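Report on the structure
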Amino acid sequence: MKNSSPIVLQLVSRIGSGEAEKDVLEFALAVKEAGGTPIVVAASGESGEMKAYGLPLDLKRQGIEYIRLPVKPNGFFARMRIASILADLIEERHADIIHAYSRETAKCARKAAEETGALFITSFYGPYDDGRFGLKKKYNAVMASGDIVITPSEYIKNAVSAFYGVSDDKIKILPTGIDETKFDLSKISMNRMMFQAAQWHIPDDAPIIVYPAPFIEGKGQMLMLSALEKMKDMPLRCIFTGADASGKAVEKLFKAAQTLHVEHMVQFVASPVCSETDYAMADVIVYAPERTEAFSHTVLEAQSMTRPVVVTDNGGISQPVQDGVTGFVAKAGNAESLAETIKKALSLNAKARTEMTLRAKESLDGIYNRKKLRENIAAAYLSALKDKSGE
């Protein structure tokens, strides 16, 4: 080990405010709090002023160094150029670890690690689509080739082990937590909620469902609309809130709502992130993506806000939810099951609702305690370095 307090390069290929970016920030803070030095490197090809939102802004606020490379990892020669830059950076900063979060950057990171002797770590968020006849399996396999492979859930750990033959001792389950002090219902003032209700034109006589997810394909909004079609006899309002990067997704979803004759039940709010006030407005929070996901901070945020949650048994997103105890779990991709499960959540009386949300909050504070999870991350880094050096 070059340093008693590790220096860790974290390599990403895109910058935003999604699940992977939340992990990058949490891993960086884990290193910093343990006395190490995190450096986040983005091979995004961006130049000019730093973005005023998402990961770059979060890193700046936390005093974590952020470096942008003026090239994307598109094509062999671009990847070789990035690998060379990374190798120089590892030597210059005496970095112990290079940690890749995407397939696009992992090949670059592995090459740089081979040249410098740095520890190579990957975060595996799949399962990835291996394509027709499995032609992309080799491309995807780079994410399973780290000296250690980090997954956020038991579901992904099992997938990595089964599909790529990675031994259990090389796979570390390291979910990240959320800022419980931010997602705290007691800190949301009545004035703030009244202002939000006025902005959203929320009716006084209808239960409110909040569906927080970016407006991109596979995030479950279409499935939710189909579920609403099966609840047309109920006086509901469903607020879909999230980022609309294309600027066209909301229009497409509203047309789908009209086709299903549920346009009177829905509202679409384009926003870069789902705020704690958005969660506070909900009687029930639903997240039911069609695509398999490794984990979901959305679920943790909803639980922290003491709101009943409904998720689907799709990958690792249901891991924090014990069906009927700390929330509700519907069948993945099944609109009928989703509708019936939402009805269960909405039918809870005040006592049952309070008991369920408090159990979820207690589970969150225990299993997904942010401080403890950061300590686990730092310990995993140090353990891997000791194993590599033979100490």
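Scope of this entry: the structure provided in the associated data block. Predicted, not measured: the structure shown is a model, and the values here were computed from it.

1. Some points on the packing of aromatic side chains
- Enumeration according to the criterion identifies 11 aromatic pairs in this entry.
- For the ring pair Phe183 and Tyr279, a centre distance of 5.8 Å and an interplane angle of 70° mean the geometry is edge-to-face. One end of the pair, Phe183, is in the loop between strand E7 (171-173) and helix H7 (190-200); the other, Tyr279, is in helix H10 (residues 276-280), and 96 residues separate them in sequence. Each member of the pair, Phe183 as well as Tyr279, carries the same accessibility label: buried.
- Each member of the aromatic cluster is reached from another via a ring pair, and the members are Tyr211, Phe215, Phe240, Phe254, Phe268 and Tyr287.

2. Observations concerning the layout of surface pockets
- Considered as a void within the structure, the second largest pocket measures approximately 200 Å³ in volume.
- Put simply, the parts of the chain that give the lining of the second largest pocket at least two residues each are helix H8 (221-229) and helix H9 (249-259).
- Here the lining of the second largest pocket gets three residues from one element, more than from any other, and that element is H9.
- For the lining of the second largest pocket, the class distribution of residues is five nonpolar, three polar and three charged.

3. Section: the pattern of salt bridges
- Following the criterion strictly, the structure yields 17 salt bridges and no others.
- With its nearest N and O atoms 2.7 Å apart, the salt bridge here joins Glu65 to Arg93. Within this pair, whereas Glu65 is found in strand E3 (residues 65-68), its partner Arg93 is found in helix H3 (residues 76-93), the two being separated by 28 residues in sequence.
- Residue class for Glu65 comes out partly exposed when judged on its relative accessible area of 32%.
- Judged by its relative accessible area of 24%, Arg93 falls in the partly exposed class.
- Connected via shared salt-bridge partners are Glu26, Glu33, Asp179, Arg370 and Arg374.

4. Describing helix H2 (residues 54-61)
- Every buried residue belonging to H2 is among Gly54, Leu55, Pro56 and Leu59, and all of these are buried.
- One or two steps after H2, the chain reaches Gly63, where phi turns positive at roughly 70°.

5. Section: the environment of Thr341
- Summarising the element assignment, Thr341 is placed in helix H12 (residues 335-346).
- On the basis of relative accessibility, which here comes to 7%, the residue Thr341 falls in the buried class.
- Residues Thr341 and Gly324 lie 17 residues apart in sequence; the distance between their C-alpha atoms is 9.9 Å.
- If we ignore the near neighbours within four places in the chain, the residues touching Thr341 are Val310, Phe328, Val329 and Ala330.

6. Concerning the packing of helix H11 (residues 297-304) against helix H13 (residues 350-367)
- The interhelical angle for the contact between H11 and H13, taken along N-to-C directions, is 120°, at an axis separation of 8 Å. As judged from the angle between their axes, H11 and H13 are oblique. Considering how the two elements wind past one another, H11 and H13 form a crossing that is left-handed. Taking contact as the criterion, the partners of Leu300, Gln303 and Ser304 in H11 are, on H13, Ala360, Lys361 and Leu364.
- Of the residues that constitute the contact of H11 with H13, the class distribution is three nonpolar, two polar and one charged.

7. Describing a nonpolar patch on the surface
- The grouping of Phe76, Phe77 and Met80 at the surface amounts to a nonpolar patch, some 360 Å² of accessible area in total.
- By the secondary structure assignment, Phe77 is in helix H3.
- Owing to a relative accessible area of 70%, Phe77 belongs among the exposed residues under this scheme.

8. A word on empty space enclosed by the protein
- Taken as a whole and assessed by the stated rule, the structure comprises one cavity of 30 Å³ or more.
- Of the pockets and cavities examined, the largest cavity occupies roughly 40 Å³.
- For the lining of the largest cavity, the elements supplying multiple residues, two or more each, are strand E11 (284-287), H11 and strand E12 (309-312).
- Class assignment of the residues belonging to the lining of the largest cavity gives a composition of eight nonpolar, one polar and no charged.

9. Some remarks on the nonpolar core
- Counting 63 residues, the largest nonpolar core has Tyr211, Met224, Leu225, Leu228, Phe240, Val286 and Leu338 as the members making the most contacts within it.
- What Tyr211 contacts, discounting residues up to four positions off in sequence, is Lys219, Gly220, Gln221, Met224, Cys238, Ile239, Phe240, Thr241, Val286, Tyr287, Ala288 and Pro289.
- Core analysis: the second largest hydrophobic core is formed by 37 residues, Leu11, Ala83, Phe120 and Phe124 among them.

10. Some thoughts on helix H6 (residues 154-164)
- Buried within H6 we find Ile156, Lys157, Ala159, Val160 and Tyr164. For H6, the buried positions fall inside an angular range of 165° around the axis, keeping them on one side.
- Immediately beyond the C-terminal end of H6, within one or two residues, lies Gly165, with a positive phi of roughly 65°.

The rules behind each value
Residues numbered from 1 in each chain as written. Predicted model: local features only at pLDDT ≥ 70, side-chain atom pairs only at ≥ 80, totals over all residues. Heavy atoms only, no water. Phe/Tyr/Trp six-rings, centres within 6.5 Å; stacked < 30°, edge-to-face > 60°. Helix = DSSP H or I, 4+ residues; strand = E, 2+ residues; numbered from the N terminus. Buried < 20%, exposed > 50% of the residue type's maximum accessible area, 1.4 Å probe, protein only. 1 Å grid on protein atoms, 1.4 Å probe; cavity = no way out; pocket = protein on both sides within 12 Å on 5 of 7 lines; lining within 4 Å. Points joined across faces, edges and corners; volume = space filled by probe spheres on them. Nonpolar A, V, L, I, M, F, W, Y, C, P; charged D, E, K, R; others polar. Salt bridge = Lys/Arg side-chain N within 4 Å of Asp/Glu carboxyl O. Contact = heavy atoms within 4.5 Å. Axes fitted to C-alpha atoms, helices over the stretch in contact; angles between N-to-C directions. Parallel < 35°, antiparallel > 145°, perpendicular 65-115°, else oblique. Left-handed = near helix turned anticlockwise from the far one by under 90°. Patch = residues over 30% accessible without salt bridge, like charges linked within 9 Å, V, L, I, M, F, W, Y side chains within 5 Å. Areas by Shrake-Rupley, 256 points an atom, 1.4 Å probe, with all protein chains shown as cover. Core = buried A, V, L, I, M, F, W, Y, C linked by side-chain atoms within 4.5 Å. Arc of directions from axis to C-beta.

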